[in-house]
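Residue-level listing of the chains:
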Amino acid sequence: MEKYQKMANKVSYYSLLYINENTSALGNGVSGTYDEKIAKYVKCCRSLNDSLVLHGQPKLKVVTNNSKLINEIDSELECLEIKFATKVDPSIPFASAHCKLDVLNYFAGLLESNYSILLDSDVLCINNEALIMKRAASGIPMIYDTTDQQFQGCGTDRVCKDKEFLIKKSFSVKSFTSSGIWAGGEFIAGPASFYKTLYGACKKIMPAYIENHKKLFHNGDEMIVSCALEYLIQQKKIFAFDAGTSGLIGRYYDSSTNHVQHIWKYFKTNMFVHLPMDKDFLGTSKIDFKDHDSMIISLENELRNKKTFIEATVRADKALQKLTKVFYKIRAFIKKITGHGNAPVEY
């Protein structure tokens, strides 16, 4: 088991924004032209940064391959250019997200006193939580376990079987029973030694993942990181707290889900909230970061307006489907009595 130092570690927040010229590799949930998408991602980083600062946390560092472009859009965002060695075919879903492995490798090379927290750009800090500093001081890593959501959405058997296949192939083990641990997506935190161990495992998984990605139920960095985390945890090479059950982060969808989800009120006590379906509005909205209450009120207004729009769209779609059914029934009736089905017959 990895031993972590108990010390007053320096907490740093990071978010990855890899600029890919292939628009399909930019990710999901963002509309518009290529330039508009990039601008929205930058605005998401700005919102995350401002929410961190508002709640007494260090400023965000945007890890990227193109700080010049980002700073042309937002000159005040702090950017960090690192070496990206991970090469993934742009046709693979979430291609740019695989560059997260290079970020893990970067963290592995920092001093052990650095406690690095990697967040997705569509995360917001909505409370100040002392627990995160306690975890940093202990040097113990944290992950966000969303296994229950993955099981409900994709099926327990499929998740476990795909993970077992990838782990056995990557680590040359004859048998491995997966519990389906799904983590390492929007939130991961720890000291350099944790990231060094994790990156080493991810690197071993990468070749088998690339070779077999079409067979897997999910493509993206989470597949690789989740397999690495579960293997290392089972082998007792790492230990990590779950930031979800600790109340540090929650994932909220303002649309229908394949899993049971708590109401919005449940998430308001978390330190962080992940809004995976809201990059579009986070990248265009004007959330008020003047103070905590103003931020929450403006955020809830945005969520409420979007939800109302979605519900209205769904109602309109259902009404259109009903009208379409009525149309086909009328056409079938006309065809039956006249022998002409393509159009009403004029007499």
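For the structure itself, consult the block above.
What counts and what doesn't
- Residues numbered from 1 in each chain as written.
- Predicted model: local features only at pLDDT ≥ 70, side-chain atom pairs only at ≥ 80, totals over all residues.
- Heavy atoms only, no water.
- Buried < 20%, exposed > 50% of the residue type's maximum accessible area, 1.4 Å probe, protein only.
- Helix = DSSP H or I, 4+ residues; strand = E, 2+ residues; numbered from the N terminus.
- Pairing = 2+ DSSP bridges.
- Expected span 1.5 Å × (residues − 1).
- Polar contact = N/O pair within 3.5 Å; in protein donor to acceptor, adjacent residues only side chain to side chain.
- Phe/Tyr/Trp six-rings, centres within 6.5 Å; stacked < 30°, edge-to-face > 60°.
- Lys NZ or Arg CZ within 6 Å of the ring centre and 35° of its normal.

**Q** Just checking my understanding: could you explain the pairing of strand 1 (residues 10-17) for this structure?
**A** In summary, the side chains of a regular strand alternate between the two faces of the sheet. Across the eight residues of strand 1, seven count as buried, placing the element largely inside the fold. Pairing geometry for strand 1 and strand 4 (residues 114-119), over five bridges, is parallel. When the bridges of strand 4 are listed, Val-11 appears paired with Tyr-115. Sheet topology places strand 1 next to strand 2 (residues 60-64); five bridges connect them, and they run parallel. Its bridge partner lying in strand 2, Leu-16 is registered against Val-63.

**Q** Before we go on, may I ask you to explain helix 6 (residues 156-171) in this structure?
**A** Working note: α-helix, 3.6 residues per turn, so residues spaced by three or four point in the same direction. Counted at 1.5 Å a residue, the expected span for helix 6 with its 16 residues is 22 Å, and the 22 Å between its end C-alpha atoms agrees. Turning to helix 6, its buried residues number three or more, namely Val-159, Cys-160, Asp-162, Lys-163, Glu-164, Leu-166, Ile-167, Ser-170 and Phe-171. With its phi angle positive at about 55°, Ser-172 sits one or two positions after the end of helix 6.

**Q** I tried to follow the side chain of Gln-57 on my own but got confused; where do I start?
**A** Its place among the elements puts Gln-57 in the loop between helix 1 (34-54) and strand 2. Among the polar contacts listed, one links the side chain of Gln-57 to the side chain of Asn-128, at a separation of 3.1 Å.

**Q** What am I meant to see in the packing of aromatic side chains here?
**A** Following the criterion strictly, the structure yields 14 aromatic pairs and no others. Look at Tyr-14 and Phe-107: their rings are 4.7 Å apart centre to centre, the planes differ by 50°, and that puts the pair in the tilted class. Here Tyr-14, found in strand 1, pairs with Phe-107, found in helix 3 (residues 100-108); they are 93 residues apart in sequence, far enough to count as distant. In this structure, Tyr-14 and Phe-107 share a single accessibility class: buried. Measuring from ring centre to ring centre gives 5.4 Å for Trp-182 and Phe-217, while their planes differ by 50°; the resulting arrangement is tilted. One end of the pair, Trp-182, is in the loop between helix 6 and strand 7 (187-190); the other, Phe-217, is in the loop between helix 7 (192-212) and helix 8 (221-234), with 35 residues separating them in the sequence. No difference in accessibility class separates Trp-182 from Phe-217, as the two residues are buried. Through successive ring pairs, a cluster of aromatic residues spans Tyr-14, Tyr-106, Phe-107, Phe-194 and Tyr-195. Its guanidinium or amino end placed over the ring of Phe-241, Arg-135 lies 3.7 Å from that ring's centre, counting from NZ or CZ.

Honestly, it's all geometry; don't read function into it.
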